[in-house]
Structures are given as structure tokens and as C-alpha cells.
Amino acid sequence: SEDDLSYIKLINYGDKVVTNNMHGYLRMRIAQFLTVVHPTPHVIYLTRHGQSTYNQLGKIGGNSPLSPAGEEYARRLGAWVMPYVCYQQAAGLDSLTKTRLWTSSLQRTILTAQHIPHPIISEEDLGTPSVPPEPDADDALANGDSPTRCSAGRSSGLRGTPPRASGLRERLRSGGLSGVVGGVALGGIDLDSDRGGGGDRDRVWQQMAPRVYRNLDEIFAGECEGMTYEEIQHSFPSEAKMRATDKIGFRYPRGESYLDILARLDPLVHELESYHEPLVIVSHQAVLRLLYCYLTGRTRAQAPKLSMPLHTVIRITYDGWTPPTEERFYLGPECSQTDGQTHL
């Protein structure tokens, strides 16, 4: 009979899950993953931190702050996120939607995300359509380089400032929605949860509520932290040769390898797959290489060779039916891409 078999039965993509005779680590991990996946569209935004002082010096690792160019990127990212991420296409219109934000625990990613606003919105505001922009929109970007959309390796001018909802978006951009929203006092409400509970918990939402994960930290270079690759080749010549032959499996002395990053990203991928809201991830080159490979269907062996340019946002859209699509948005300012991380 079926009672003697090992099986997982999913009803409506996780609304109801039935497992039978499931034993062992691998089987339970498969069951756990299948309970969070769903075929509705995912929109994921990947971006490296702004240029850091270690980037300028060609050093790897560490916990350095942003350079002046990195600080400018942080300001531009904060101005870009609200109109281009918090408003998604729905029924042919840019409509207000819930959004999420992840960063690593290192200060350069936290500083990069510091200008992203976290306004409180009510459930009634979701789906608010947009109207033509005011003339003074996006002042933070107007004085610098215009954002550029890059698709399939080609660059073209990005469309003008997206429409803005009258009144509401002004409050969103200024963080003016706070205190009491929709008649609901915010004190004690889990603003970042949209599961279960009902009632007041489901009536408000904090846009881009920052979540800090150590799992998203850059690969730890151990004894090579704070060194340039020239210094590594001089101080650790044998390790440099080993790394050249097996970049994904090489572990820095007392440090990590790409395979170690894969292990710590595993629980975050489960969390990411369960989301229905657009997600912005501000992280580091090695970590984003692996996430990019996962989201676009590339093999992990390709990860160390991928380019994750500074001051660029990569938008990846995928669902359960069609291949993933990718768009790249260069926000500037110009900075050297030879930052010491190319060979990380």
C-alpha cells in the first residue's frame, strides 16, 4: 500500500503538505524546500555595496567604510529604489507593492542601504496607481549621471522618471507615514510579517524594513584579509597557485571557500523562495556571484568568473514556467572597476 512508500504530496504549492515515511536529512531537506517554492513571479534586485576604501586600495575582505564615490552611490540608490522597486507593473500600471531589503552585517553594505526609506504603508494603499511625475522629481539623481538600463549586454537610456502617485508617494519618499496608519497604532505590531495572525498585523507594512544577515557577508579570506593579491602571491605563493587551479573549492588559510558560502546561503535561499514581494539584496561580489548563478540557472562552477560591477543594480525576474530575465541599471558615479575584488 501507499503507507509503505516515502512520498511528499503538495496541494496548491504548499497550502497543504502531506509527507509519509520521510526519514533522513536529505529527504527532509527536499521536503522543506518544496514547501516554500511557488510558481508566482519573483523579482530580485542584486547590488554590491558602493565603492569602499579597500576597493580603492585593491585590498580584499575587511570591514572598511565607503569611499566618497560609494557614498554618492548610496544616495543615488536610495532615490532610485522608491520609484523603481516599490512600484511594480500590474495591469499595465506602476502600482505600489510591498517590498523587502536584505544586507550583510558588514558596514559597507549597511551604509550603502542607509538612504533607502522605510515608510509605513497601510494595506489600503497597496495597488495605488501612478500619475505623471512632478517636474522636480528625483532631485537626488538629477544632479548626477542618469541611471542607465543595460539589457543583453547593451546600454540604452532608461525611461524617464516613473509616474508618482499624488500625495501618497510624497509621504513615502519623506517617510511621512508613521505613528498611526489606517487607524491602527504601530506600537507592538510586527510590521515585517505578512503571514498569519490577521487583523491589525495584516493592515500595515514597513517598506524596505532592513534585515541584516551574516550569511550574506563577503567570503572570509582568513590570514589574507586586508591584503592585495600581489601581497598574497608574495606571502602565500603555494596557496595562490592552488587557488588558481580550483577557485571554487580553494579555502583561504583560516578562511572560507565558495563552497562554504554555498552552505551558509542555503537557509536564505529557502527564505527567498517563499517570498512574493520584490526583494533588494545589498551584498558582496562572491556572494552575489553565487546567488546570480542560482537565480539564472547557471552552474556554480561559473560563479568565480562572473562580473558583478560596482554601482549597478541587477534585476532578475523568474517564475515556475519561463526562463529568468535580467536587466541591469547603472546608477553611477563612475569609479574604477579594477578594485582588487575581480579575482576574489
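Residues numbered from 1 in each chain as written. Predicted model: local features only at pLDDT ≥ 70, side-chain atom pairs only at ≥ 80, totals over all residues. Heavy atoms only, no water.

Observations concerning the pattern of salt bridges
Here is step 1: Scanning the model with the defined rule gives 10 salt bridges in all.
Here is step 2: Glu72 is paired through a salt bridge with Arg75; the nearest N and O atoms lie 2.9 Å apart. Of this pair, Glu72 and Arg75 are both found in helix α3 (residues 68-84), three residues apart, which corresponds to roughly one turn of the helix.
Here is step 3: Residue Arg251 pairs with Asp260 through a salt bridge whose shortest N-O separation is 2.9 Å. (Salt bridge = Lys/Arg side-chain N within 4 Å of Asp/Glu carboxyl O. Helix = DSSP H or I, 4+ residues; strand = E, 2+ residues; numbered from the N terminus.)

Examining the nonpolar core
Here is step 1: Ranked by size, the top nonpolar core spans 39 residues in total, and within it Leu46, Trp102, Leu216 and Ile281 carry the most contacts.
Here is step 2: Looking at this core, the elements that each hand over two or more residues are β3 (42-48), α7 (229-235), α9 (258-274), β14 (279-283), α10 (285-296) and β15 (312-318).
Here is step 3: The dominant element in this core, judged by the number of residues it contributes, is α10, at eight residues.
Here is step 4: Here Trp102 is in contact with Arg211, Tyr213, Leu216, Leu268, Glu271, Leu272, Tyr275, Leu279, Val280, Ile281 and Val282, once residues within four sequence places are set aside.
Here is step 5: Membership of the second largest hydrophobic core comes to 23 residues, among which are Val81, Cys86, Ile121 and Met208. (Core = buried A, V, L, I, M, F, W, Y, C linked by side-chain atoms within 4.5 Å. Buried < 20%, exposed > 50% of the residue type's maximum accessible area, 1.4 Å probe, protein only. Contact = heavy atoms within 4.5 Å.)

Here we look at the packing of aromatic side chains
Here is step 1: With the rule as written, the count across this model stands at six aromatic pairs.
Here is step 2: An angle of 70° between the planes, with centres 5.1 Å apart, marks the rings of Trp102 and Tyr213 as edge-to-face. Remark: Tyr213 occurs in the loop between β13 (210-212) and α7 and Trp102 occurs in strand β6 (residues 100-103); sequence separation between them is 111 residues.
Here is step 3: The buried category is assigned to Trp102, whose relative accessible area is 2%.
Here is step 4: Where Phe250 meets Tyr252, the ring centres are 5.5 Å apart and the plane angle is 75°; that geometry is what we call edge-to-face. Each member of the pair, Phe250 as well as Tyr252, carries the same accessibility label: buried.
Here is step 5: These aromatic residues form a ring-pair network of at least three members: Tyr45, Trp80, Tyr84 and Phe329.
Here is step 6: The ring of Tyr275 is capped by Arg100, whose NZ or CZ atom sits 3.9 Å from the centre of that ring. (Phe/Tyr/Trp six-rings, centres within 6.5 Å; stacked < 30°, edge-to-face > 60°. Lys NZ or Arg CZ within 6 Å of the ring centre and 35° of its normal.)

Observations regarding the pairing of strand β2 (residues 16-20)
Here is step 1: Summarising the sheet, strand β1 (residues 7-11) and β2 pair through five bridges and their orientation is antiparallel. Among the inter-strand pairings, Ile8 is bridged to a residue of β2, identified as Thr19.
Here is step 2: Counting the residues between successive antiparallel strands, the hairpin from β1 to β2 contains four residues, one of them, Asn12, with a positive phi of roughly 55°. (Pairing = 2+ DSSP bridges.)

Quick word on the confidence of the model for the protein chain
Here is step 1: With 74% of its residues at a pLDDT of 70 or more, the protein chain has an overall mean of 79.
Here is step 2: Across residues 131-138 the pLDDT falls below 50, and counting only partners more than four positions away or on other chains, this stretch makes 18 contacts in the model.
Here is step 3: Every residue in residues 151-198 scores below 50 in pLDDT, and together they form 117 contacts with partners more than four places removed in sequence or on other chains. (pLDDT = per-residue confidence, 0-100.)

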